[in-house]
Amino acid sequence: MTKFKRNAQSQPKHGKPSVSGASKAPIAPPIRRPGWTGPSYIQKRAKQTPATVKDTSLTEQIQSLSVKYHQLILDTIRTTFPAVDEFSTLIPVLRAVREALEQKDYCTAFGTEDFLEAYTIRWSPSRALTCANVLAWICDEMREAEWVHRFLHNDGQKPSKIVCIGRGGSDLLACVALLKHCHQGKLDEITCLESSSPATAPVTTSHRDLDNTDSAIVDLSLIDRHDWSGIVTKLQRTLTHPPTLSKYASAKAHASNTSAIPSHVLNLAVNQFDILESGSTHLRAMIGPNPALITLFFSLYEFYSVSISKTTAFLLRLTSAAPRGSLLLIVDSLGADAALPDSNKQGEEKKYPLDWLLYRALLTPKSSPHGSTDSEEEQPAWAKLIKDGHEKEYKLPAALSFPGSLENTRLQVHLLERL
């Protein structure tokens, strides 16, 4: 029988402990756990740093027009069209007009007197307020421009010319507000002279002053292919006649009750024809031989949506017809892009920004004629008076009172002077 060796049977099962006596490190988990890459596994995306948000804030349009002239525009619409006080009853007509505008069916949207009146009640107030404030801002900031200088220093001998291509009603209201903004003192003087009888007229009143009261300050031409004559006539009557007072009104109220403007200070002409189809001769006759203010208020995008080529040709005819010193003012909705079918991609459209199309037509210099060897190019026919900050937001004053719908306007403004 062999001898029992106690030392051999009492050895540690897992080997000798380490000499240092330190505890064992934990066993590393398996690289791939069961089910870790199975059907229920959802891989977590790595955290990404958020992209820098581009600053899309717009330049706020300076409030140049006083609140009382804002309110004059709204009161004129409310007095002319009492249906604005029952705005809810106009919803079906407004819906039909909006659908026609969204489909770019302008003949339907402006085809009837009811639709024109509904459009004037719903959309003209905000646009008239916006355009009137832009006009007032231009006359305050661009005093060195030739047309602005002539308009501000009008002595009653020759009226300042304004040609508005677009919406008749809102254009008229904007121009009247500009007239009040720049010539309120002269209008008050004319009203005072007209209200006084010859027997009570001041002795200091000269014959020339009396003659000037019969002179127009503004010669305004409204042009559109749709018939705005009915709407414009109603608005003009409201502007040139004192408002109706209650039979219980005081004598002081009757004495101070005057029209917004004297009837003769504004020569108004409403012209109905398609500006895209008009010739240079007709356009030159509309503008006249002297510097003029030519406006396209929320209408240039409509022209481009009809035909980019026809609109470009119209702008070139306008360039040849506009006298030196004339101003071209374009106010339109922000983000208005004209679309054309893309020749490279079937069934897709290619969009062109309105300002890119505008400046490409008006500011592109022409090469020297007759194959001249002179490397210099002719200078553009127009000069930009607003270098940057075309994109603006106009916030309406909070104190306005109107039963209809009003909203702030995001717009783009472009102003050029004929060289």
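Quick look at the structure, then.

Calculation criteria
Here the residue numbers are simple positions, counted from 1 along each chain's written sequence. Totals for whole chains, interfaces and linings use every residue, but because this is a predicted model, local features are given only for residues with pLDDT of at least 70 and side-chain atom pairs only at 80 or more, for both listing and counting. Excluded from the side-chain calculation are hydrogens and water; included are all heavy atoms of the structure. A run of H or I in DSSP counts as a helix once it spans at least four residues, and a run of E counts as a strand once it spans at least two, with each numbered from the N terminus. A simple rule labels every residue: compare its accessible area, found with a 1.4 Å probe on the protein chains alone, to the largest value its type can have, and call it buried under 20%, exposed over 50%, or partly exposed in between. Here, residues are in contact when the closest pair of their heavy atoms is within 4.5 Å. The Shrake-Rupley method, run with a 1.4 Å probe, gives the accessible areas here. Residue values count only the displayed protein chains as cover. As used here, the term nonpolar core means buried Ala, Val, Leu, Ile, Met, Phe, Trp, Tyr and Cys residues forming a set that is joined through side-chain atoms within 4.5 Å. Paired rings are identified among Phe, Tyr and Trp, the last through its six-membered ring, by centres lying within 6.5 Å, and are further divided according to the angle between planes into stacked (under 30 degrees), edge-to-face (over 60) and tilted (the rest). Geometrically, a charge over a ring is one whose NZ (Lys) or CZ (Arg) sits within 6 Å of the ring centre while staying within 35 degrees of the ring normal. When DSSP locates at least two bridges between a pair of strands, those strands are taken to pair. Here a polar contact is taken to be a pair of N or O atoms separated by no more than 3.5 Å, where protein atoms must pair a possible hydrogen donor with a possible acceptor and residues adjacent in sequence count only if both atoms sit in side chains. Axis definition: a line fit to C-alpha positions, over the contact stretch in the case of helices; interaxial angles, taken between N-to-C directions, run 0 to 180 degrees. Each helix crossing is assigned a hand: it is left-handed if the near helix lies turned anticlockwise from the far helix by less than a right angle, otherwise right-handed if that turn is clockwise. The classification used treats Ala, Val, Leu, Ile, Met, Phe, Trp, Tyr, Cys and Pro as nonpolar, Asp, Glu, Lys and Arg as charged, and all other residues, Gly among them, as polar.

### Topic: the overall build of the chain
- Secondary structure assignment for the chain yields 15 helices and 11 strands.
- Each of the 419 residues in the chain was classed as buried or not, and the buried ones make up 42%.
- Within the chain, contacts between residues separated by at least 24 positions form 78% of all contacts whose residues are at least 6 apart in sequence.
- If you sum the accessible surface of the chain, you get close to 24600 Å²; carbon and sulfur atoms cover 52% of it.

### A closer look at the nonpolar core
- Val 148, Leu 172, Leu 220 and Leu 329 are the most contacted members of the largest nonpolar core, which totals 76 residues.
- Grouped together as the second largest cluster of nonpolar side chains are 34 residues, Ala 321, Leu 328, Ala 336 and Leu 362 included.

### So, the packing of aromatic side chains
- In this structure the tally under the stated criterion is 7 aromatic pairs.
- For the ring pair Phe 110 and Tyr 119, a centre distance of 5.1 Å and an interplane angle of 85° mean the geometry is edge-to-face.
- In this structure Phe 110 comes out as buried when scored by relative accessible area, which is 3%.
- Judged by its relative accessible area of 3%, Tyr 119 is buried.
- These aromatic residues form a ring-pair network of at least three members: Phe 110, Tyr 119, Trp 123 and Trp 228.
- Positioned above the aromatic ring of Tyr 359 is the side chain of Lys 384, whose terminal nitrogen or guanidinium carbon lies 4.4 Å from the ring centre.
- A cation sits over an aromatic face here: Lys 392 above Trp 137, 5.3 Å from the ring centre.

### Some words on the pairing of strand S3 (residues 218-224)
- Within S3, 6 of the 7 residues are buried, which leaves the element mostly enclosed by the surrounding structure.
- Taken together, the 6 bridges between strand S2 (residues 160-165) and S3 define a ladder with parallel strand orientation. Bridging across to S3, Ser 160 finds its partner in Val 218.
- The pairing of S3 with strand S4 (residues 266-272) spans 7 bridges and is parallel. Residue pairing in the sheet places Asp 224 in a bridge with Gln 272 of S4.

### A short note on the environment of Trp 382
- Here Trp 382 lies in strand S9 (residues 382-384).
- Once the C-alpha coordinates of Trp 382 and Leu 328 are considered, the two residues, 54 residues apart in sequence, prove to be 9.0 Å apart.
- Apart from residues no more than four positions distant in its own chain, Trp 382 is found in contact with Leu 318, Thr 319, Ala 322, Ser 326, Leu 328, Leu 362, Leu 363, Leu 416, Glu 417, Arg 418 and Leu 419.
- In this structure the side chain of Trp 382 is engaged in a polar contact, spanning 2.9 Å, whose partner is the side chain of Thr 319.

### Considerations on the packing of helix H2 (residues 67-80) against helix H8 (residues 168-195)
- Look at H2 against H8: their axes get within 10 Å of each other, and the N-to-C directions meet at 140°. Taken as a pair, H2 and H8 cross one another with a handedness that is right-handed. Mapping the contact onto sequence places Tyr 69, Leu 72, Ile 73, Thr 76 and Ile 77 in H2 and Leu 173, Ala 177, Lys 180, His 181 and Gln 184 in H8.
- A per-class count over the contact of H2 with H8 returns 6 nonpolar, 3 polar and 1 charged.

### Observations concerning the environment of Ile 275
- For Ile 275, the position within the fold is in the loop between S4 and helix H12 (280-287).
- In this structure, the C-alpha to C-alpha distance between Ile 275 and Asp 224, residues 51 residues apart in sequence, is 7.0 Å.
- Not counting residues up to four positions away in its chain, the partners in contact with Ile 275 are Ile 165, Ile 223, Leu 283, Phe 303, Phe 314 and Arg 317.

By themselves these figures say nothing about function.
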